[in-house]
Amino acid sequence: MSTRFMRLLILLLAVGVLAAAVGCGGDDSSSSSGGGGGGSSSSSSDQPGKGKPAVTIGTKDFTEEFILGELYKQALQAKGYSVNLKKNIGATEITDKAMTSGAIDGYPEYSGESTATVFGIDKIYDSPEATVADAKKHYEARGQVVSNPTPFEDVDAIAATKAFAEKNGLASMEDLKKLTPSFTLGARPEFKNRQVGLKGMKDVYGIDNAKFKQLALGLQYKALDKGDVDTANIFSTDAQLASGKYTVLKDPKGVFGFQNVLFVINKPKYDALGGTAFMDVINKVNTLLTAEAMRSMNSAVDIDKKDPAEVAKSFLDANKLT
């Protein structure tokens, strides 16, 4: 009897352990998969990235791109996605190649850069909508998917110190032809041969008196201040423009086009990440990116010397996206 009692006791203990294990498994299943009550369903819908493969996002080589990369990374992580961020890859030509080769899955690109530099379209568009539509069409034909555009755009421009502009009567790009026999233009190396660059300035405005001086990105304002160059290629959302020290030349013929941000991603990875559920996260971020918001974040990094990750986190927290 003693032996039979011990066997019965062991059997009962084993059944108890199994029941406890099944009970715990049921709780985990309902909370992670969304099957069951309303609370678990909400948890699942709030975390569309759970169980999805990691996504690798790249950025180009300047402040605004670093911030954009952090915004997307942190917003996606808040939705359960695993994100690798590869920063400072290089100019459009290099970063686009990284995407098409599979080194990265996607990155933020500017609509006008997409049409002119990525796809080599020699065309002046009459609206930001037409630019975005053409970029989207060409990306889709190549096997990529794009987000909705940001409200803000960051357009290339030519700037001079206010003193130099006033002395030489510079207000528009066309006025550069008055600088005889020549003037110096400082810009990153790829600007020289781009249609959205010096090549386009020659083709559209007939500006053939520019002496190109190669500058590393980020040094253009120091070069202007020191008088190392007469003019420089800048971005319209640069924080330094708020100082009032510089004159940005008007571009009446639109050689620099429209430059709203699109997040571009390879379609196979887009599908694996949940398609529209993934892009909804990106689009929510993009909706908030006004010119004022972007200039403020650029200023926080370039002028106040804050870390892009910190700046992005503050913005997302304030907008309840983390």
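Here, every reference points to the structure presented above.
Keep in mind it's a predicted model, so treat the numbers as computed, not measured.

**Student:** Would you mind showing me how to read the overall build of the protein chain here?
**Tutor:** Scanning the protein chain for helices and strands turns up 13 helices and 10 strands. Relative to its 322 residues, the protein chain shows a buried fraction of 46%. Counting contacts in the protein chain only where the partners sit at least 6 residues apart, residues at least 24 apart contribute 75% of the total. Split by element, the accessible area of the protein chain, about 15,400 Å² in all, is 54% carbon and sulfur.

**Student:** Mind showing me how you'd approach the nonpolar core here?
**Tutor:** Residues Leu71, Ile265, Phe278 and Leu289 are the most contacted members of the largest nonpolar core, which totals 37 residues. Counting residues per element, the ones that place at least two in this core are strand 1 (55-58), helix 3 (63-77), strand 2 (83-86), strand 10 (261-266), helix 11 (276-287), helix 12 (291-302) and helix 13 (308-318). Of all the elements, helix 3 adds the most residues to this core, at six residues.

**Student:** Just to check I follow, could you spell out unusual backbone geometry for this structure?
**Tutor:** Each neighbour pair has its own omega, and for Thr180 with Pro181 the value is -5°, a cis peptide bond. Its identity as a non-glycine residue notwithstanding, Asn88 has a phi of 60°, on the positive side. Within the element layout of this structure, Asn88 appears in the loop between strand 2 and helix 4 (92-100). The class for Asn88 is partly exposed, based on a relative accessible area of 47%. One non-glycine residue with positive phi stands out, namely Lys305, at about 60°. Note that Lys305 resides in the loop between helix 12 and helix 13. Given a relative accessible area of 66%, Lys305 falls into the exposed group.

Definitions and cut-offs
- Sequence order sets the numbering: in each chain, residues are counted from 1 along the sequence as written.
- Two thresholds apply to this predicted model, a pLDDT of at least 70 for residue-level local features and 80 or more for giving and counting side-chain atom pairs, whereas whole-chain, interface and lining totals are computed over all residues.
- Remark: hydrogens and water are excluded; side-chain values derive from all non-hydrogen atoms of the structure.
- A run of H or I in DSSP becomes a helix once it reaches four residues, and a run of E becomes a strand once it reaches two; helices and strands are each numbered from the N terminus.
- Think of it in three bands: residues with accessible area under 20% of the maximum for their type are buried, residues over 50% are exposed, and the middle band is partly exposed, with areas taken using a 1.4 Å probe on protein chains only.
- Any two residues whose heavy atoms approach within 4.5 Å are treated as being in contact.
- Surface accessibility follows the Shrake-Rupley procedure with a 1.4 Å probe radius. Residue values consider only the protein chains on display as shielding.
- For our purposes a nonpolar core is just a set of buried Ala, Val, Leu, Ile, Met, Phe, Trp, Tyr and Cys residues, chained together by side-chain atoms within 4.5 Å.

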